[in-house]
Amino acid sequence: MRSAVIVFPGSNCDRDLAVAFETVTGAKPAMIWHRDTDLPADIDLIGVPGGFSYGDYLRSGAMAARSPVMQAVAKAADRGAYVLGICNGFQVLTESGLLPGALLRNAGGHFVCRDVALTVENAQSAFTSRYDAGETVTYPVAHHDGNYFADAATLDRLEGEGRVALRYAEGVNGSARNIAGILNETGNVLGMMPHPERVIEAAHGKTDGRRLFEGLVEGLMTRA
Amino acid sequence: MKARIFVTLKGGVLDPQGKAIHHALEGLGFGGVNDVRAGKLIELDLADGTSDEDIDAMCRKLLANTVIENYRIEKVA
């Protein structure tokens, strides 16, 4: 199994995500710089990390979404590779059109940095298979632009198709229908604002995020 | 040739920045401000003969996120 983490100028969760991938896969992910135009041909899992890519210039994730490497990410997603975008990575995925909607400034205007309770809405996806539907988990969030927005028709479609993977169980940032994470149509791309990679080992104080990564590996093993 | 691109949030899209500006104006004692919406102005210095289609494509592909924003192009001689 081959994994990769994309690195933009201003990414700051890339190494945390790399540690999470290595912890569950046993192999170091390839670290792919934003100017690279190619990913390993047999790539199975791509992480788009949190941070402040390109200093959040223009809009969060806007510049990163147009960087050369994202074309390669879109191609890999097309052929079924798993793509996990966390925080700024979620913003990059919406800006690049791999996921619908947009992430607006938090409704309260404040940067929110704390643990939040989430409900696992869809436990059938590759990303959430190790959780139970309706289960409450706690991940940290740390963002200024996490207020998910999409028109009503898009929101209805996401809900109807089971593509709301995670929902905030409390008010966090004003997100439409409390959406914290969504899947693409084919279920192999997940964007989420909370940080599962920050809660994978006992030293983190919580391990709620670990099963997300374990489920992914399990899915890849059974798919191979 | 120069063009000014005005990027504004669509109606119904929450604008916390506009709200904060509104509160600050009220704090300064300015009454009668019903609402404030903040946007962006992007000035482009373009080669003469740049087509309208190209300028529009720049807006659609990068300068504005049309999920949440509108844009208006103003060409300056």
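Residues numbered from 1 in each chain as written. Chains lettered and ligands numbered in written order. Predicted model: local features only at pLDDT ≥ 70, side-chain atom pairs only at ≥ 80, totals over all residues. Heavy atoms only, no water.

As recorded by an unreviewed UniProt entry, chain B carries the name Phosphoribosylformylglycinamidine synthase subunit PurS and is attributed to Sphingobium wenxiniae. UniProt annotates chain B under Subcellular location (unreviewed entry) with the comment "Cytoplasm". Looking at the Pathway (unreviewed entry) heading of the UniProt record, one finds this comment for chain B: "Purine metabolism; IMP biosynthesis via de novo pathway; 5-amino-1-(5-phospho-D-ribosyl)imidazole from N(2)-formyl-N(1)-(5-phospho-D-ribosyl)glycinamide: step 1/2." (UniProt positions renumbered as here; feature names shortened; annotations may be inferred.)

As annotated in an unreviewed UniProt entry, chain A carries the name Phosphoribosylformylglycinamidine synthase subunit PurQ and comes from Sphingobium wenxiniae.

All names here are of chain B. In this model, helix 1 (residues 16-27) (12 residues) spans 16 Å end to end at C-alpha, consistent with the 16 Å of a helix rising 1.5 Å per residue. Those residues of helix 1 lying buried are Pro16, Gly18 and His22. Looking straight down helix 1, one finds that the buried residues subtend no more than 160° of arc, so they occupy a single side. Residues of helix 1 that are exposed and angled more than 90 degrees away from the buried face: Gln17 and Gly27. Following helix 1 by one or two positions, Gly29 adopts a phi angle in the positive range, close to 95°. (Helix = DSSP H or I, 4+ residues; strand = E, 2+ residues; numbered from the N terminus. Expected span 1.5 Å × (residues − 1). Buried < 20%, exposed > 50% of the residue type's maximum accessible area, 1.4 Å probe, protein only. Arc of directions from axis to C-beta.)

To continue, consider the sheet that holds strand 11 (residues 189-192) of chain A. Residue and element names in this part refer to chain A. Read across the open sheet, the 9 strands follow the order 2-1-3-4-11-10-9-6-7; overall the sheet is mixed. Looking along the sheet, the strands with just one partner apiece sit at the ends: strand 2 (30-33) and strand 7 (136-143). Averaged over all pairs of adjacent strands, the angle between their axes in this sheet comes to 25°, without regard to strand direction. Across 3 bridges, strand 10 (residues 179-183) lies against strand 11 in antiparallel orientation. Pairing of Leu183 across the sheet is with Leu190, part of strand 11. Sitting on the sheet, helix 6 (residues 210-223) is in contact with strand 3 (45-48), strand 4 (82-86), strand 7 and strand 11, with an inclination near 170° to strand 4. (Pairing = 2+ DSSP bridges. Axes fitted to C-alpha atoms, helices over the stretch in contact; angles between N-to-C directions. Contact = heavy atoms within 4.5 Å.)

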